[in-house]
Every structure is written in structure tokens, then in C-alpha cells.
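# Notes for the structure review
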Amino acid sequence: MSAIASAHTALVSLASEGEHVDTHSSLSPYMTGGAALVILLLLLWVTTRFNRDR
């Protein structure tokens, strides 16, 4: 049980060591989300084109 407590203490101290600094300021979250949406819709379209056994 002490191994779990020591692991918990180590994880808590690691998580509280500092704030997250965004080093990629050129990446827009809207651009990333839009690209992901387009890719997922394209994959959905390809999947429905090949699934002709309905």
C-alpha cells in the first residue's frame, strides 16, 4: 500500500511543478479541429462508398 501512496505523491508533485507553456502558437485550435473534421468526414465517405452490402 505504501508503493501506491509514494507513486501518488510523486505524480501529484510532478503535476504541480509548473504551468503548461504553449510553444506552438502558430497552430490554431480552429484550424486543427477543422482539419480533423474534414479528415473524419472524408474517412466516413470512403467507408460508406466501399460498404455496398446493405
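So, here is what we can say about the structure in this document. (Residues numbered from 1 in each chain as written. Predicted model: local features only at pLDDT ≥ 70, side-chain atom pairs only at ≥ 80, totals over all residues. Heavy atoms only, no water.)

### Overview of the overall build of the protein chain
Scanning the protein chain from N- to C-terminus turns up two helices and zero strands. A buried classification covers 0% of the 54 residues belonging to the protein chain. Here the protein chain displays about 5500 Å² of accessible surface, and carbon together with sulfur accounts for 69% of that area. (Helix = DSSP H or I, 4+ residues; strand = E, 2+ residues; numbered from the N terminus. Buried < 20%, exposed > 50% of the residue type's maximum accessible area, 1.4 Å probe, protein only. Areas by Shrake-Rupley, 256 points an atom, 1.4 Å probe, with all protein chains shown as cover.)

### Thoughts on helix α1 (residues 2-15)
With 14 residues, α1 should cover 20 Å at 1.5 Å per step; its first-to-last C-alpha distance of 20 Å lies within 8% of that length. Buried residues are scarce in α1, accounting for zero of its 14 residues. (Expected span 1.5 Å × (residues − 1).)

### Details of a nonpolar patch on the surface
Together, Leu42, Trp45, Val46 and Phe50 make up an exposed nonpolar region whose accessible area comes to about 480 Å². Mapped onto the elements, Phe50 comes out in helix α2 (residues 29-50). Relative accessible area serves as the criterion here: at 73%, Phe50 is assigned to the exposed category. (Patch = residues over 30% accessible without salt bridge, like charges linked within 9 Å, V, L, I, M, F, W, Y side chains within 5 Å. Salt bridge = Lys/Arg side-chain N within 4 Å of Asp/Glu carboxyl O.)

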